[in-house]
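So the chains spell out like this:
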Amino acid sequence: MIGLQRRLLILGMILGSTCFGAFWHNNDTRIADQVLPDPNSMNQNLVLNLNYSPTQIKTPLVLPETFLSHLPLREWQAKTSSFFYRKRYFMGASAILGGYAYACHYFVQANKYLERADLWASWRGETSLDLLITIPQHELAKELILEIQRRYSNAQNPTDFITPLITFIQAIDSEIITIKKYLSVYQWITRLHLQNLFPINQRLFNLLGETCRKLIYIKNLFLAWAAEYKISHNKKKRFMPAFKPQ
């Protein structure tokens, strides 16, 4: 009886190990298939991914003729040309009137500028250029320097002597440029015989040539005085004895 039990126990152990081993083998195979796929399958997946990867779609460059082919350019050009042709007299008259209005405004401003009393062209206005040249230069230069200091003196620094001189040079250069511009325009208008069509102060514009020469003479007079002043000032510095405190 005992021998029979032992045989049954041994037989059960053998059957159990066989079934369990088969079960273990099936689970291991399933897990291995999931973790380590077939290399061929990986290659197929890789090829599919490469073949079906998204790519950037580029639209072809459209030329202006193709891009604007749907627009009625010829019709638009024809209508524009027709409009300008029908309005040619009106546009021409408008351009002439606009130019005339601008020229009138230009000469009115020029008249106001030439009538200003603070211009250096108005300095010694009662004296003509011919008489101004006859005045001794050192006397006229002294009078000019006093007038420069009077016009451009700084109330906050009355002892400043150099700044008014610099301001004078800038002012007279600007005035010479403006007078030359007015003279050039007036000469051009006179050649075309159009001076009577504009509000021009004939007396002031006829004196523009002399006014320009007067300004140049005044500037040269100042430059000569400045050179002489610089030389004498340097001589005083050179021969001034050095002060030695006791």
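Residues numbered from 1 in each chain as written. Predicted model: local features only at pLDDT ≥ 70, side-chain atom pairs only at ≥ 80, totals over all residues. Heavy atoms only, no water.

In this section: the packing of helix α7 (residues 137-152) against helix α8 (residues 162-191). The geometry of α7 relative to α8 is characterised by a closest axis approach of 9 Å and an angle of 95 degrees between their N-to-C directions. Considering their axes alone, α7 and α8 lie roughly perpendicular with respect to each other. Between α7 and α8, the contacting residues are Leu144, Ile145, Ile148, Gln149 and Tyr152 on the first element and Pro164, Leu165, Thr167, Phe168 and Ala171 on the second. The residue inventory of the contact of α7 with α8, partitioned by class, reads eight nonpolar, two polar and no charged. (Axes fitted to C-alpha atoms, helices over the stretch in contact; angles between N-to-C directions. Helix = DSSP H or I, 4+ residues; strand = E, 2+ residues; numbered from the N terminus. Parallel < 35°, antiparallel > 145°, perpendicular 65-115°, else oblique. Contact = heavy atoms within 4.5 Å. Nonpolar A, V, L, I, M, F, W, Y, C, P; charged D, E, K, R; others polar.)

Attention shifts here to the nonpolar core. By size, the foremost hydrophobic cluster in this structure holds 40 residues, and its most contacted members are Leu144 and Phe205. Contributing elements (two or more residues each) for this core: α5 (88-114), α6 (129-134), α7, α8, α9 (202-206) and α10 (208-239). It is α8 that contributes the most residues to this core, nine residues altogether. The contacts of Phe205, once residues within four sequence positions are left out, are Phe107, Ala110, Asn111, Leu114, Tyr182, Tyr186 and Ile200. (Core = buried A, V, L, I, M, F, W, Y, C linked by side-chain atoms within 4.5 Å. Buried < 20%, exposed > 50% of the residue type's maximum accessible area, 1.4 Å probe, protein only.)

Where α5 contacts α8, the two axes come as close as 12 Å, and the packing angle between them is 135 degrees. What the angle tells us is that α5 and α8 run oblique. The two elements α5 and α8 cross, and the hand of that crossing is left-handed. Across the interface between the two elements, Tyr106, Phe107, Gln109, Ala110, Tyr113 and Leu114 of α5 pack against Glu175, Thr178, Ile179, Lys181, Tyr182, Val185 and Ile189 of α8. Taken together, the residues of the contact of α5 with α8 break down into nine nonpolar, two polar and two charged. (Left-handed = near helix turned anticlockwise from the far one by under 90°.)

Looking at the protein as a whole, the pLDDT averages 78, with 67% of positions reaching at least 70. The element-level mean pLDDT for the protein is lowest in helix α2 (residues 39-51), coming to 45, with α8 highest at 95. Confidence over residues 20-36 falls short of pLDDT 50; this stretch has zero contacts with residues more than four positions distant or in other chains. Low confidence marks residues 41-53, where pLDDT is under 50. Its contacts with residues over four positions away, or in another chain, come to one contact. (pLDDT = per-residue confidence, 0-100.)

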